[in-house]
Amino acid sequence: MNEDHPMDDAVEGDPEDWVRIVSNDGYTFLLKRKVANMSGTIKNSLDETGGFAEAGTRTYRSQERGIIVQKMIEYMSFKAYYSNVGPKEEIPVNEFMERLPPEIVLELLLAADYQEM
């Protein structure tokens, strides 16, 4: 069930295609490439010119627990959504911060640093 299979029927590199992120405890998350590209590490891994296996299967295997991967994806979605906001518009950062359990903040910070977010 956890085997990497190519995800067919999509144009490679298209920001609207889907990619898969798998946590080290087996949780699988599907998200659009545009969101996944908010992480420099994931973007480079899924780039076809880099020659990584992840580019062919569109599956990135994370070394983090599922809860950490979930919060990173929430942040990447938040960042992608507000990436084109003008300087006058207010970004609700506190709304995102309130959803972070204090017991995972340090682990999340280290993971986000590794993922180049």
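These numbers were taken from a predicted model, which means no experiment stands behind them.

Enquirer: Is there a simple way to think about helix 6 (residues 105-114) in this case?
Expert: Looking at helix 6, one finds that the buried residues are Leu108, Ala111 and Ala112. Viewed end-on, helix 6 has its buried residues packed into an arc of 100 degrees, placing them on one side of the element. When the buried face of helix 6 is taken as reference, the exposed residues oriented beyond 90 degrees from it are Leu106, Leu109, Leu110, Asp113 and Tyr114. Glutamate 116 sits one or two residues past helix 6 and shows a positive phi near 55 degrees.

Enquirer: Sorry if this is basic, but what is going on with the pattern of salt bridges here?
Expert: Oppositely charged side chains can pair when the atoms bearing their charge come close. Throughout the structure, instances matching the rule amount to six salt bridges. Here glutamate 107 makes a salt bridge to arginine 65, at a shortest N to O gap of 2.8 Å. With glutamate 107 in helix 6 and arginine 65 in the loop between strand 3 (59-61) and helix 4 (66-81), this pair connects stretches of sequence that are 42 residues apart. Taken together, the shared-partner salt bridges connect Lys71, Glu74, Glu95 and Arg99 into one network.

Enquirer: I would appreciate a short explanation of the nonpolar core in the present structure.
Expert: One broad trend across soluble globular proteins is that nonpolar side chains are buried collectively. In terms of nonpolar packing, the biggest core is built from 22 residues, with Ile21, Leu31, Ile42, Ile73 and Met76 touching the most fellow members. Elements represented by at least two residues in this core include exactly strand 1 (18-22), strand 2 (28-32), helix 1 (33-36), helix 2 (40-46), helix 4 and helix 6. Sort the elements by how many residues they give to this core and helix 4 lands first, with seven residues. If sequence neighbours within four positions are ignored, isoleucine 21 has contacts with Tyr27, Thr28, Phe29, Leu31, Ile42, Tyr60, Ser62, Val69, Ile73 and Met76.

Enquirer: Explanation requested: the environment of glycine 66 in the structure shown.
Expert: Here glycine 66 is to be found in helix 4. Each C-alpha atom, one on glycine 66 and one on isoleucine 21, is 9.9 Å from the other, the two residues being 45 residues apart in sequence. Each residue touching glycine 66, except ones within four places of it in the same chain, is listed here: Ser23, Asp25, Tyr27 and Phe29.

Enquirer: Got a minute to help me understand the pairing of strand 2 in this structure?
Expert: Here strand 2 shows a clear split, with Phe29 and Leu31 buried on one side and none of Thr28, Leu30 and Lys32 buried on the other. In terms of strand pairing, strand 1 meets strand 2 through five bridges, oriented antiparallel. In the sheet register, arginine 20 faces strand 2, and the bridge partner there is leucine 30. The hairpin formed by strand 1 and strand 2 contains five residues between the paired strands, and glycine 26 there has a positive phi angle of roughly 95 degrees.

Enquirer: Whenever I open this one, the confidence of the model for the protein confuses me. Can you help?
Expert: Low pLDDT means the predicted atomic positions in that stretch should not be read closely. Looking at the protein as a whole, its pLDDT mean stands at 86, while 88% of the residues score no less than 70. Confidence drops under a pLDDT of 50 for residues 8-12, and excluding neighbours within four residues, the segment shows nine contacts in the predicted structure.

Enquirer: How should the sheet that holds strand 3 be read in this particular structure?
Expert: The strands that make up a sheet pair up through hydrogen bonds in the backbone, lying either parallel or antiparallel. Pairing in this open sheet of three strands is mixed, and the strands run 2-1-3 from one edge to the other. Every interior strand has two partners, whereas the edge strands, strand 2 and strand 3, have only one. Neighbour-to-neighbour, the strand axes of the sheet open up by a mean angle of 25 degrees, direction not taken into account. Bridging between strand 1 and strand 3 involves three bridges; their strand directions are parallel. Paired with arginine 20 across the strands is threonine 59, a residue of strand 3.

How each quantity is defined
- Residues numbered from 1 in each chain as written.
- Predicted model: local features only at pLDDT ≥ 70, side-chain atom pairs only at ≥ 80, totals over all residues.
- Heavy atoms only, no water.
- Buried < 20%, exposed > 50% of the residue type's maximum accessible area, 1.4 Å probe, protein only.
- Helix = DSSP H or I, 4+ residues; strand = E, 2+ residues; numbered from the N terminus.
- Arc of directions from axis to C-beta.
- Salt bridge = Lys/Arg side-chain N within 4 Å of Asp/Glu carboxyl O.
- Core = buried A, V, L, I, M, F, W, Y, C linked by side-chain atoms within 4.5 Å.
- Contact = heavy atoms within 4.5 Å.
- Pairing = 2+ DSSP bridges.
- pLDDT = per-residue confidence, 0-100.
- Axes fitted to C-alpha atoms, helices over the stretch in contact; angles between N-to-C directions.

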